[in-house]
Amino acid sequence: MPKMLASPEGVLSALILALCILLSFATDSFLSLQNLFDLLNNQSVNIIFAVGLVVVLIAGGIDISFSVAASVVQYVTVVLLMQLGGGNWALGLLLAGATGIALGLVNALFIHRFRIVSIIVTIGTFNVFFGLLMYLSRGRSLYGIPDWLYDRITILSIPMERGSATLYLPVLAMLVMVAATWFILSKTGLGRQIYGFGSNPDAARRSGISIAWIQAFAYGWLGLCAGIAGLMQAHIVREVVPNALYGRELDILAAVVLGGTVLGGGRGTVLGAVLGVVLLALIQNGLNLLGITPFAFKMIVGAVILIAITASNADRLLPEVLKSRKEA
Amino acid sequence: MAKHALRATGVTQKFGSFTALRNVSFELEEGEVHCLAGENGCGKSTLIKVINGVNIPEPGAQISFHHDPAAARVFPHDAKRHGVHVIWQDLALFPDLSVAENICFDRFVAQPFGGRNQAASRQMAEEVIARIGIRLDPDARLGDLSIAKRQLVAICRVLAANARIIFMDEPTASLTRKETQALLDIVRKLSSEGISIVFVSHRLAEVLDVCSRVTVLKDGSLVGTYPTKGMTQKRLSELMTGMELSEQQRQPKTFTDTVLELRNLSRPGEYEDISFSLHKGEILGITGLMGSGRTELALSLFGMTRPAGGEIVLEGKPVRFASNHEAIDAGIAYVSEDRLNLGLDQTQSIVKNTAATVLDDLAEPTFWLSPSRVRALCDHWIDQLKTKVSNPELPVNSLSGGNQQRIVLAKWLATNPKVLILDAPTVGVDVGAKAGIFRIARDLAEQGMAIILITDEASEVHAHADRVLILREGRIREELSPHDIEEEALEGLINA
């Protein structure tokens, strides 16, 4: 039990719990089913991104192109679906997933085949993806989207005094992606290979792991997640705005690192990534409900990230701080 | 009587115009512990790679395992089938995975779509751990373990993969004496189970202790295979280097000019009440087991940590170093234990590495760093230390270990130190290079430099120091002259 509490997941859970209790007392609307369902609907997209990114980070890489890749996927998928007469959610997810994987594999190709550092490759593809999208779309949003996407697919609806609390398709997609990623990372040999490769790439190579396959899987999986998240985001906002997801990558990256994933590879968990996103979302939601000006949000979220990450290093930092104080 | 596990003859390997192995033969019996000896770059690693199927030798080689017919090369799957495993010096383990998962990692590689099955991994790990009779927590994170424990994990890993022939590359290089003994016991145990072990080590004492035969390579050619019975360290060194190595003790001398004096220096938890003085031209040996406080003491002398009590007096003046920068300015140079990583920037040129400590001085009186001045400094030291360098503009990792060692020394000598601290200068260095380092140290002392030699090898302080301090648990337990004691007795005192 103490071990669990000392882990990033334990600390985050405690913080989330404390925040929930605080917000339940401080505001009357936080602890309503509607608010919680809204939070889930809105955060599903971020969580799907996060579990994709955690795979790449554990494998020792980094990707900042995934959120604009998701924008590309939205655009491509919706245009294709409209040409096919609207399609349905299954076809939509299939198209989005396939496009996402393709874009992820572009990253993997450059990183593995041409041995370029992942951050440089993805800065490049970030610009190429976004540039192409803006150029071809001329920055115009798509309002004509398939009916099923516009009407939203309901997976659970609970009637309330005023209206109803509803969970939509993105929540289901999120649950599936979280479960699948968790299963692969913690329950399969492939998962161990990914952790092993991130932990010591040389040793992994000498153990006979196919590096190409690990890279392709990691970036492809993030691509898949990005594709699905992209379509789900359009599902929530009911339109496709080319730059809607621009800049989201850094928020997700911060949330995942907050969840205990280490830049450089080998360490991180799906649960941690999910909790990281949830914590940041709760803070934002709380500030909103407390009526604090939205202009202060970024600043407060940034401060929380810095404090939380410093605190999670406390066990390593504290002894040194004490030591140097003794010396002085 | 014994059956052979491996027999290789006529192994030649060329890389372009360079011949790494020339018609080498190697034979290994079942259950034998065999030492593969030779200086760095003599072809040991190349031979290992030929046998485990990574390198393809030139046509004409005959290599056979057990009863199999001989073949001209080894295919990786053959090496696997015959249980050939190599534990490289860096161990190739995964710090973020658990001990059990490291041991069973090959299963994950073979079956990526198979389950992780923690219970099975754990059981498999426990069985192997029990088999060699050690204590290891299968659930511990590998990164939290000491190097010695990681070494054991690496052994467990190859055993879990049914190893029959194990190559161990410098397995004891970073182990303490006690840990080394424990490792050698395991090696003997495996050998009694019929597993053949090829031991590569620069520590000749343990080679002679654990191995039954030794094969010596020199410059890619076979010198010979000898039984270790009746072999001495000195004879083995001579076979490896082809040189007569004489380790004359230093002449007894009295020194008068005190350079450095320590008065009751203490740092709680590291060292306690250390007092000694060091003179011009003297080589002071400080020895003790790992954790006895020897490196910690050196770090305080070099200004990296601050003593809690006591005084350091340098040339009559009490000094307090706030940083190692101040210590360097005051004339103290420290050649660290892990010098190939901490002491050199491997990818930078030899010239730049040599000048790294004195960039400010070289730029005086302006900020312009004249390439010709830097180059002149480098050429001077290359010449002084008789370093073999084809082109000083090449990266430093193009040099052999022994020559890299000289560049580290050059870099510190360039600061014109009064006190030179050499911390474990011969760890991982082959015999020829070892002799070279001590020759340099003696020459420097001759020229008046005060040298502190930190080592846990009794033979080194016995041969090269004028005075020896033995540290134990942070305190000076003995101060003696190597002339008054036999090497074996000294060794006993260190380990007491």
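Preceding this section is the structure that the text describes.
So, how was this worked out
Residues numbered from 1 in each chain as written. Chains lettered and ligands numbered in written order. Predicted model: local features only at pLDDT ≥ 70, side-chain atom pairs only at ≥ 80, totals over all residues. Helix = DSSP H or I, 4+ residues; strand = E, 2+ residues; numbered from the N terminus. Rg over C-alpha atoms; globule rule 2.2 N^0.38 Å. Buried ≥ 20, exposed ≤ 12 C-beta atoms within 10 Å, placed from the backbone. Contact = placed C-beta atoms within 7 Å. Nonpolar A, V, L, I, M, F, W, Y, C, P; charged D, E, K, R; others polar. Pairing = 2+ DSSP bridges. Right-handed = clockwise from strand over helix to strand, strands pointing away. Core = buried A, V, L, I, M, F, W, Y, C linked by C-beta atoms within 7 Å. Axes fitted to C-alpha atoms, helices over the stretch in contact; angles between N-to-C directions. Left-handed = near helix turned anticlockwise from the far one by under 90°. Arc of directions from axis to C-beta.

This part takes up the overall build of chain B. The secondary structure content of chain B amounts to 19 helices and 19 strands. Against the 2.2 N^0.38 benchmark of 23 Å for 496 residues, chain B shows a C-alpha radius of gyration of 25 Å, consistent with a compact globule. The dimensions of chain B, computed from C-alpha atoms along their principal axes, are 75 × 50 × 50 Å. A total of 496 residues make up chain B; the buried ones form 43% of that total. A separation of at least 24 residues holds for 70% of the contacts in chain B among residues at least 6 apart in sequence.

Helix and strand counts for chain A come out as 15 helices and two strands. At 21 Å, chain A has a C-alpha radius of gyration in line with the 20 Å of a compact globule built from 328 residues. Here the C-alpha coordinates of chain A stretch approximately 70 × 55 × 35 Å along the principal axes. Expressed as a percentage of its 328 residues, the buried residues of chain A come to 45%. Expressed as a percentage of contacts within chain A between residues at least 6 apart in sequence, the contacts between residues at least 24 apart total 78%.

Our next topic: the interface of chain B and chain A. How large an interface is tends to be reported as the accessible area lost when its parts come together. If you look at the interface, chain B gives 19 residues, while chain A gives 21 residues. Examining the composition of the side of chain B that touches chain A, we find that five residues originate from one element, helix α4 (residues 105–110) of chain B, more than from any other. Taken together, the residues of the side of chain B that touches chain A break down into ten nonpolar, three polar and six charged.

Another point: the pairing of strand β7 (residues 196–200) of chain B. Residues and elements named next belong to chain B. Here β7 lies mainly inside the structure; five of its five residues are buried. Neither face of β7 is left uncovered, since the one carrying S196, V198 and V200 and the one carrying I197 and F199 both have all their residues buried. Across five bridges, strand β6 (residues 165–169) lies against β7 in parallel orientation. Bridge assignment links I166 to a residue of β7, and that residue is I197. Regarding the hand of the β-α-β motif, the stretch spanning β6, helix α7 (residues 177–192) and β7 is right-handed.

Turning to helix α1 (residues 44–51) of chain B, a few remarks are in order. Residue and element names in this part refer to chain B. Of all the eight residues making up α1, seven are buried; the element is thus mostly covered by neighbouring parts of the structure. Every buried residue belonging to α1 is among K44, S45, T46, L47, I48, V50 and I51, and all of these are buried. Positioned one or two residues after α1, G53 has a phi angle of 85°, which is positive.

This paragraph deals with the nonpolar core. Where a protein is soluble and globular, its nonpolar side chains tend to be buried together. Counting 161 residues, the largest nonpolar core has A:I48, A:A50, A:V51, A:L53, A:C225 and A:V274 as the members making the most contacts within it. The element contributing the most residues to this core is helix α11 (residues 211–237) of chain A, with 15 residues. With residues up to four places along the chain from it excluded, the contact list for A:C225 reads A:I48, A:F49, A:V51, A:G52 and A:M177. Ranked by size, the runner-up nonpolar core spans 69 residues in total, among them B:V259, B:L278, B:V408 and B:A414.

Residues and elements named next belong to chain B. Positive phi values are uncommon outside glycine, yet E170 reaches one of about 50°. Relative to the assigned elements, E170 resides in the loop between β6 and α7. Phi is positive for N416, which is not a glycine, with a value near 60°.

All names here are of chain B. Here six strands make up an open sheet; going across it, the order is β15-β16-β17-β12-β18-β19 and the pairing mixed. A single partner strand is all that each edge strand has here, and the edge strands are β15 (332–335) and β19 (475–480). Strand-to-strand twist across the sheet, computed as the mean angle between neighbouring axes with direction ignored, equals 20°. Here strand β12 (residues 283–287) pairs with strand β17 (residues 450–455) via five bridges, running parallel. Looking at the pairing, I283 lines up with I451 of β17. Its contacts with the sheet put helix α17 (residues 431–446) on β12, β16 (419–423) and β17, and the angle it makes with β17 is roughly 150°.

This brings us to the environment of A:W221. Residues and elements named next belong to chain A. Structurally, W221 is set in helix α11. Along the primary structure W221 and G104 are separated by 117 residues, whereas in three dimensions their C-alpha atoms are 7.5 Å apart. Each residue touching W221, except ones within four places of it in the same chain, is listed here: G52 and V55.

With that settled, consider the pairing of β19(B). Residue and element names in this part refer to chain B. Of the pairings in the sheet, the one linking strand β18 (residues 467–472) to β19 comprises five bridges and is antiparallel in character. Within β19, the position partnered with R472 by the bridge is R475. From the end of β18 to the start of β19, which pair antiparallel, there are two residues, and E473 there has a positive phi angle of about 50°.

Residues and elements named next belong to chain A. Where helix α4 (residues 66–83) contacts helix α6 (residues 118–137), the two axes come as close as 8 Å, and the packing angle between them is 35°. Judged by the twist between their axes, the crossing of α4 over α6 is left-handed. On the side of α4, the interface is formed by V68, A69, S71, V72 and Y75, while α6 contributes F126, F129, F130, L133 and S137. A per-class count over the contact of α4 with α6 returns eight nonpolar, two polar and no charged.

Hydrogen bonds between backbone atoms are what pair the strands of a sheet, whose relative direction is either parallel or antiparallel. Residues and elements named next belong to chain B. One open sheet holds the four strands; their spatial order is β11-β10-β13-β14, and the pairing between them is antiparallel. Each having just a single partner strand, β11 (271–279) and β14 (317–319) make up the two edges of the open sheet. Going from strand to strand, the sheet's axes swing by 20° on average, the running direction of each strand aside. Sheet topology places strand β10 (residues 258–267) next to strand β13 (residues 309–314); five bridges connect them, and they run antiparallel. Among the inter-strand pairings, R263 is bridged to a residue of β13, identified as E311.

This part covers helix α9 (residues 233–241) of chain B. Residues and elements named next belong to chain B. If you check which residues of α9 are buried, you get L236, S237 and M240. Along the axis of α9, the buried positions cluster into a sector of 100°, meaning they face one direction only. Taken together, the buried residues of α9 touch β3 (33–37), α8 (204–210), β8 (213–218) and α17. Where α9 ends, the next residue or the one after it, G242, has phi of about 70°, a positive value.

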